[in-house]
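# What the coordinates show
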Amino acid sequence: MEILAESHWVLVHPLQSISKRTYRILVFIVLWVGFGSTYLLKKPLGVIKSDIAQDLHLSKFELGMLDTALLLPYAAMQVFLGPLADYLGPRRTLAFCLCSAGVFMSFFGLTNSFHFSLFLLFLCGTCLAPTWPACSKALASYFEKQRDTVFGLFSTSGSVGGICGTGLAVCTLNVYGWQLSYLVPSAFSIVMAGLTFGLVYSPEEMGLSAGHLQPSSETITSCKKSPTTIRSWLKLWAIPLIPEITLAVFTLKVVRYCMYMWLPLFLLDYLNYNKVQAGLMSTAFEVGGGLGSAVVGFLTSRLFSGRSLPTLCLLTILSSLSLLLFAVTAHFGATINIACLVLAGATNCGPDSLLSGSIPARLGERNGLGAGGALTGLVNGAGSVGTVIEGPIIGLVAHQWGWMGVLLLMVVLSSLGALALLRAALSVWSLSLTASNDDQSEQSWPV
């Protein structure tokens, strides 16, 4: 059954004349650019750290606290605010979050107060928390077939946004200083909030009569459902595969955000590149992330009989090996550095895009649970605890054991994620055998 039935294709002017196929492409593009704009707000912090440390006289631990101020609410609030997409709809949720985050970060750098900077980063992280669950909810409602491929392509927005954010921060830093590094990203985020609110309608909203804003009684009933309780969160956590997937997301995100937030400083301090070279070379990881996210959906549909988890486990093993190779060959020159970073980015961001997106969304909708947004928020939020502890832990490890200790820590964490995915893949195999013996569809566990 098509997601967008003809009887539901009723939109308010000026979108009512657009074909279903064209509108789905439009929704994908707006969501892609909108979610990419969140990385314009995240990435400058990694580029401007050395200048902030110099101007505000901050230690590496205090620099790590800046990461935590942004990423702690981003992780924690996904668990609690993720269901907003289920109740308010992806359009309203995403538009409000992008606008609020842009407004808050437009004030960053206007004062040299360390604590005020922490406060603004905390507000920004809170506002950005529901954006991924909202995008996942919207994409899942429009793209039922080849969902892994769609989510993989969509996740390239993070890599492209990170590259643009890094490049923009480097240019702004050299011309205007770190204090003005967030003005352009904030303005762009606010613009995308307006476009999202005006263009991204959900299939449920398409059931509205043209020119009327009153939803059907069915929509009113669904909006009056009681909010998610702690007990229901425990039920979601008890769904098979969720603990293993969450652990894998946790380890992948620690590595990913360590590279996002600390790689420019590592290249500057340890490998003696200048500021511009360090900032631009750090985008090699994001280029690889974009490539990995783009092809991971194609790989999962063609390897291991279409099962996602074995392929993602294999890619995570390659991620560990590529990080180890980068540590061993760090002083071999820029060409080797870039090649290792591209490979590490591809094998880290590729699996993460599906583990935190399409797979929990699919499990959340399985058997009519209707909890795609909630489960995506739970997995991505709990997994994003890794991004919270990344800042102070990396700062302490770098201080105690140097940058090589940081790289070896990331190798260990990636290996732990691979073990978690191996366990999940074996669990799926066991559940599929049980379902086959009970004459149930093998596709009851299509991961």
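Once a new chain begins, its residue numbering starts again from 1 and follows that chain's sequence as written. Selection of residues for local features in this predicted model requires a pLDDT of at least 70, selection of side-chain atom pairs for listing and counting requires 80 or more, and totals for whole chains, interfaces and linings are taken over all residues. The basis for every side-chain value is the complete set of heavy atoms in the structure, and neither hydrogens nor water enter the calculation.

### Focus on the overall build of the protein chain
Put simply, the rule reads: Helix and strand assignments come from DSSP, with helices taken as H or I runs of at least 4 residues and strands as E runs of at least 2, each series counted from the N terminus. Partly exposed describes any residue whose relative accessible area lies between the buried limit of under 20% and the exposed limit of over 50%, with all areas from a 1.4 Å probe on protein chains only and scaled to the type maximum. Only heavy atoms enter the contact rule, under which two residues are in contact if any of them lie within 4.5 Å. The Shrake-Rupley method, run with a 1.4 Å probe sphere, supplies the accessible areas, and residue values consider only the shown protein chains as cover.
Summing up its helical and strand segments, the protein chain has 19 helices and zero strands in all. By residue count, 57% of the 447 residues in the protein chain fall in the buried class. Taking as baseline every contact in the protein chain between residues at least 6 positions apart, the subset at least 24 positions apart corresponds to 81%. For the protein chain, the accessible surface area stands at approximately 18600 Å², while carbon and sulfur atoms represent 68% of it.

### Remarks on the packing of aromatic side chains
Quick note on the threshold: Paired rings are identified among Phe, Tyr and Trp, the last through its six-membered ring, by centres lying within 6.5 Å, and are further divided according to the angle between planes into stacked (under 30 degrees), edge-to-face (over 60) and tilted (the rest). Any Lys NZ or Arg CZ that is within 6 Å of a ring centre and within 35 degrees of that ring's normal is treated as a charge sitting over the ring.
Going through the model one piece at a time under the given rule, you end up with eleven aromatic pairs. Look at F35 and Y39: their rings are 5.7 Å apart centre to centre, the planes differ by 70 degrees, and that puts the pair in the edge-to-face class. Placement of both F35 and Y39 in helix α1 (residues 20–42) is noted, with a separation of four residues, approximately one turn of the helix. Each member of the pair F35 and Y39 is classed as buried. Seen in terms of ring centroids, W132 and F154 are 6.0 Å apart; in terms of plane orientation they differ by 35 degrees. Their pairing is tilted. Of the two residues, W132 sits in helix α8 (residues 131–142) while F154 sits in helix α9 (residues 147–176), which places them 22 residues apart along the sequence. Residues W132 and F154 agree in their burial class; the two are buried. Three or more aromatic residues joined by ring pairs make a cluster, and in this case those are F28, F35, Y39, W132 and F154. It is K49 that lies over the ring of W262; its NZ or CZ is 3.8 Å from the centre.

### Side note on the side chain of E244
On the secondary structure map, E244 appears in helix α13 (residues 242–269). Relative accessible area serves as the criterion here: at 12%, E244 is assigned to the buried category.

### So, the nonpolar core
Nonpolar side chains in soluble globular proteins generally cluster together in the buried interior. Let me state the cut-off plainly: We define the nonpolar core as a collection of buried residues of types Ala, Val, Leu, Ile, Met, Phe, Trp, Tyr and Cys that are connected through side-chain atoms lying within 4.5 Å of one another.
L31, I52, L66, F108, L309 and L355 are the most contacted members of the largest nonpolar core, which has 115 residues in total. No other element matches α13, which puts 17 residues into this core. What I52 contacts, discounting residues up to four positions off in sequence, is L45, H57, L58, L66, F108 and W178.

### Section: the pattern of salt bridges
Which entries qualify depends on this criterion: Here, a salt bridge means any side-chain nitrogen of Lys or Arg that lies within 4 Å of a carboxyl oxygen of Asp or Glu.
Within this structure, the stated rule accounts for four salt bridges. The residue E286 makes a salt bridge to K43 at a minimum N-O spacing of 3.0 Å. Taken together, the residues E286 in helix α15 (residues 283–302) and K43 in the loop between α1 and α2 (44–47) connect sequence positions 243 residues apart. In this structure, D352 and K253 form a salt bridge, with 3.4 Å as the shortest nitrogen-oxygen distance. Remark: K253 occurs in helix α13 and D352 occurs in helix α17 (residues 334–365); sequence separation between them is 99 residues. Residue classification places D352 among the buried residues on the basis of a relative accessible area of 1%.

### A look at unusual backbone geometry
Positive phi is not limited to glycine here, since H57 has a value of about 55 degrees. With respect to the secondary-structure elements, H57 resides in the loop between α3 (49–56) and α4 (60–81). Looking at H57, the relative accessible area reads 69%, which means it is exposed. Residues other than glycine seldom take positive phi values, yet N272 does so here, at roughly 65 degrees. Relative to the helices and strands, N272 resides in the loop between α13 and α14 (275–281). With relative accessibility at 65%, the residue N272 sits in the exposed group.

### Some thoughts on the packing of helix α6 (residues 90–105) against helix α7 (residues 114–128)
This is how the line gets drawn: Axes here mean lines fitted to C-alpha atoms, for a helix over just the part in contact, with angles spanning 0 to 180 degrees between N-to-C directions. Orientation labels follow simple angle bins: below 35 degrees gives roughly parallel, above 145 gives roughly antiparallel, 65 to 115 gives roughly perpendicular, and whatever is left gives oblique.
The contact between α6 and α7 brings their axes to 8 Å, and the two run at 170 degrees. Put simply, α6 runs roughly antiparallel to α7. Facing C97, S100, A101, F104 and M105 of α6, the residues of α7 in contact are L120, L121, L123, C124, C127 and L128.

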